[in-house]
Amino acid sequence: MPFSIYQASVPVYVKLLAGQVGMIDKAVSDAETRKFSPETLFTARLNPEMWSFSEQVKATTNHAFRGTARLAGLPFPEIPDAVGTEAEMKARIAATVAFIQSVDKASVDSGHDREITFPMGNETATLTGVNYFLGFTLPNIYFHHTTAFNILRHNGVSVSKMDDFIGGL
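Residues numbered from 1 in each chain as written. Predicted model: local features only at pLDDT ≥ 70, side-chain atom pairs only at ≥ 80, totals over all residues. Heavy atoms only, no water.

1. Topic: the packing of aromatic side chains
Argument step 1. Following the criterion strictly, the structure yields six aromatic pairs and no others.
Argument step 2. Considering the side-chain rings of Phe65 and Phe76, the 6.1 Å spacing of their centres and the 85° angle between planes classify their relative orientation as edge-to-face. With a gap of 11 residues between them, Phe65 in helix H3 (residues 53–72) and Phe76 in the loop between H3 and helix H4 (86–102) connect regions that are remote in the sequence.
Argument step 3. Here Phe118 and Phe136 contribute two aromatic rings whose centre-to-centre distance is 4.6 Å and whose plane-to-plane angle is 45°, an arrangement assigned as tilted. In this pair, Phe118 is assigned in strand E1 (residues 115–120) and Phe136 in helix H6 (residues 129–154), connecting sequence segments 18 residues apart.
Argument step 4. A residue is classified by how much of its surface remains accessible, and Phe136, at 14% relative accessible area, is buried. (Phe/Tyr/Trp six-rings, centres within 6.5 Å; stacked < 30°, edge-to-face > 60°. Helix = DSSP H or I, 4+ residues; strand = E, 2+ residues; numbered from the N terminus. Buried < 20%, exposed > 50% of the residue type's maximum accessible area, 1.4 Å probe, protein only.)

So, in structure tokens, the structure goes:
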């Protein structure tokens, strides 16, 4: 059976993003229980040099919609940029999921051998679609998703691997 980038990407992204919605819900609930603003958790970081929880959510969505668009040869969609509040993060996640689910499976899979040039830090890189997906986008999604999860765990929010990290089975 041939490798399908679509099957390895879009359904995985949708599941992870559902997990992020669960994380956001638990952060809000935890903040209400402990009587502080949820934005305290949304701006929390593991290290001063690292991005906050909300920026990790934004990075996860960036890799999901940008990766899908690049593989399919499509322009980036209009996705809400703000992520400072519960509503803003959820709107961004919802727009990302709507876009990636709207992209045709065959168009994503057709990106397997296409050269994809993309910014990476202050430089640009060019990789085949499969190498871009396996070596850049997929690891970045998991990195930012894991970091968002760890920020909440570090701050005492009872997120769980099965419900929030994986997004349920």
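After that view, the rundown keeps rolling.
2. Concerning the pattern of salt bridges
For side chains of opposite charge, pairing can occur when their charged atoms come near one another.
Argument step 1. Under the defined criterion, the tally for this structure stands at seven salt bridges.
Argument step 2. For Lys58, the salt bridge is made with Asp81, and the minimal N-O distance between the two is 2.9 Å. Of this pair, Lys58 sits in helix H3 while Asp81 is found in the loop between H3 and H4, placing the two residues 23 residues apart along the sequence.
Argument step 3. On the basis of relative accessible area, Lys58 is assigned to the partly exposed category, the value being 21%.
Argument step 4. One salt bridge in this structure joins Lys90 and Glu86, with 3.0 Å as the shortest N-O distance. Highlighted residues: Lys90 and Glu86, both in helix H4, separated by four residues, approximately one helical turn.
Argument step 5. According to the relative accessible area criterion, Glu86 is partly exposed, its value standing at 27%. (Salt bridge = Lys/Arg side-chain N within 4 Å of Asp/Glu carboxyl O.)

3. Observations concerning unusual backbone geometry
Most of the time, phi is negative for any residue but glycine, and the peptide bond is trans.
Argument step 1. Look at Lys35: it is not a glycine, yet its phi comes out positive at around 65°.
Argument step 2. Take Lys35: it is sitting in the loop between helix H1 (5–34) and helix H2 (38–42).

4. Looking at the side chain of Ser54
Argument step 1. With respect to the helices and strands, Ser54 occurs in helix H3.
Argument step 2. Judged by its relative accessible area of 8%, Ser54 is buried.
Argument step 3. Only 3.2 Å separates the side chain of Ser54 from the side chain of Ser52, close enough to count as a polar contact. (Polar contact = N/O pair within 3.5 Å; in protein donor to acceptor, adjacent residues only side chain to side chain.)

5. Some details on the packing of H3 against H6
Argument step 1. Orientation of H3 relative to H6, taken along the N-to-C sense of each, is 160°, at an axis distance of 8 Å. The angle between H3 and H6 places the two elements in the roughly antiparallel class. Between H3 and H6 the crossing geometry is left-handed.
Argument step 2. Residue classes in the contact of H3 with H6 are distributed as 11 nonpolar, 10 polar and two charged. (Axes fitted to C-alpha atoms, helices over the stretch in contact; angles between N-to-C directions. Parallel < 35°, antiparallel > 145°, perpendicular 65-115°, else oblique. Left-handed = near helix turned anticlockwise from the far one by under 90°. Nonpolar A, V, L, I, M, F, W, Y, C, P; charged D, E, K, R; others polar.)

6. Quick notes on H1
Owing to its 3.6 residues per turn, the α-helix brings residues three or four apart onto one side.
Argument step 1. Over its 30 residues, H1 runs 43 Å from end to end, which matches the ideal 44 Å to within 8%, given 1.5 Å per residue.
Argument step 2. Of the residues flanking the end of H1, it is Lys35, one or two places downstream, whose phi is positive at about 65°. (Expected span 1.5 Å × (residues − 1).)

7. As for the pairing of strand E2 (residues 123–128)
Where a strand is regular, its side chains alternate between the two sheet faces.
Argument step 1. Pairing analysis gives six bridges linking E1 to E2, with the strands arranged antiparallel. Its bridge partner being in E2, Pro119 is matched across the sheet by Thr124.
Argument step 2. Here E1 hands over to E2 after two residues, with Gly121 in that stretch at a positive phi of 70°. (Pairing = 2+ DSSP bridges.)

Just geometry here; none of it tells us what the structure is for.
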